[in-house]
Amino acid sequence: LLFVLIGCQANPVFETEKRIVRQEAVHSDNIAINRKGDTLYTANIDVNTVTIIDAKTRKKKAEISVGKEPRQLTLSPDEQFLYVSCMHDDRVDIISLKEKKVVDHIKTGIEPFGLVTSQDGKTLYVANYRSGTVSVVDLEKRKVRKEIRVGDRPRTVAIAADGKKLYVPHLLTNIDTPIQFEETV
């Protein structure tokens, strides 16, 4: 596996807004659970949906249609939104968990796979499998701010607890080369 380390934005962008800042490391996957541990979210690649499940009763609370081939998902730090990579639409769908529906889409690089928000929830990092890039998305503007070239086949992503490093493993490589960026993103 090839790991790429990316320095992440440490300075707050929205000084006037009160936001929840996550303190733990997180990673993207095709299943997520909220902080309380009572709600599960699954990306259903075969039917292009996301399912919300009550973890205690094991009953489906909602099933939400999303773009083609939802691969992975991640919760915003305040758990108000769920971000879903839709691989064959080259986009991320944004689900409002209050409304239980897709409220917006963000175009990304080719075949987005793993994704995670910054610890303050202001930035979304998306590994684009076919592009070999990480899209850095401004979530207030809901637009890609920049693309960072990271090499072939980036898959999942993980962010350190302090929010200063993003780890991007690559599929089918046997190289473990950390790359440090001098600028923050």
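It should be emphasised that the depicted structure is a prediction, and the values quoted were computed from it without experimental measurement.

What counts, and where the lines are drawn
- Residues numbered from 1 in each chain as written.
- Predicted model: local features only at pLDDT ≥ 70, side-chain atom pairs only at ≥ 80, totals over all residues.
- Heavy atoms only, no water.
- Helix = DSSP H or I, 4+ residues; strand = E, 2+ residues; numbered from the N terminus.
- Buried < 20%, exposed > 50% of the residue type's maximum accessible area, 1.4 Å probe, protein only.
- Contact = heavy atoms within 4.5 Å.
- Areas by Shrake-Rupley, 256 points an atom, 1.4 Å probe, with all protein chains shown as cover.
- Phe/Tyr/Trp six-rings, centres within 6.5 Å; stacked < 30°, edge-to-face > 60°.
- Lys NZ or Arg CZ within 6 Å of the ring centre and 35° of its normal.
- Pairing = 2+ DSSP bridges.
- Axes fitted to C-alpha atoms, helices over the stretch in contact; angles between N-to-C directions.
- Core = buried A, V, L, I, M, F, W, Y, C linked by side-chain atoms within 4.5 Å.

A. Looking closely at the overall build of the protein chain. Summing up its helical and strand segments, the protein chain has zero helices and 16 strands in all. Per-residue burial for the protein chain yields a buried fraction of 50% across its 185 residues. For the protein chain, the proportion of contacts with a sequence separation of at least 24, taken over those separated by at least 6, is 48%. For the protein chain, the computed accessible surface area is about 9,500 Å², with 49% contributed by carbon and sulfur atoms.

B. Structural context of the packing of aromatic side chains. Across all of its chains, the model carries one aromatic pair by this definition. Residue placement shows Arg-142 over the ring face of Phe-81; its charged tip is 5.8 Å from the ring centre. In this arrangement the basic side chain of Arg-155 is found over the ring face of Phe-113, its NZ or CZ atom lying 4.1 Å from the centre.

C. Quick peek at unusual backbone geometry. A positive phi angle, close to 55°, is found at Arg-142, a residue other than glycine. Relative to the assigned elements, Arg-142 resides in the loop between β13 (133-138) and β14 (143-149). The backbone of Arg-153 sits at a positive phi, close to 55°, despite the residue not being glycine. Structurally, Arg-153 can be placed in the loop between β14 and β15 (158-159).

D. Structural detail: the sheet that holds strand β9 (residues 91-96). On the basis of which strands lie adjacent, the open sheet formed by four strands has the order β7-β8-β9-β10 and antiparallel pairing. Of all the strands in the sheet, the pair left with one neighbour each is β7 (70-75) and β10 (101-107). Strand-to-strand twist of the sheet, defined as the mean angle between neighbouring strand axes without regard to direction, takes the value 25°. Both β9 and β10 contribute to a ladder of six bridges, which runs antiparallel. If you follow Asp-93 over to β10, its bridge partner there is His-105.

E. Summary view of the nonpolar core. Membership of the largest hydrophobic core comes to 15 residues, with the highest contact counts inside it found for Tyr-41, Val-50, Leu-73, Leu-82, Val-84, Ile-95 and Leu-97. Listing elements by their share of this core, those giving two or more residues are β4 (39-44), β5 (49-54), β6 (60-65), β7 and β8 (81-86). Ranked by residue count, the leading element in this core is β8, at three residues. In contact with Tyr-41, not counting residues within four places along its chain, are Asn-30, Ile-31, Ala-32, Asn-34, Thr-51, Ile-52, Leu-73, Leu-75, Leu-82 and Leu-97. Counting 12 residues, the second largest nonpolar core, distinct from the first, contains Val-116, Val-134, Val-150 and Val-168.

F. Summary view of the environment of Val-66. Along the chain, Val-66 falls in the loop between β6 and β7. Along the primary structure Val-66 and Val-102 are separated by 36 residues, whereas in three dimensions their C-alpha atoms are 7.0 Å apart. Those residues in contact with Val-66, other than ones at most four positions away along the chain, are Asn-48, Thr-49, Val-50, Cys-86, Arg-91, Asp-93, Ile-95 and Val-102.

As far as function goes, none of this settles anything; it's purely spatial.
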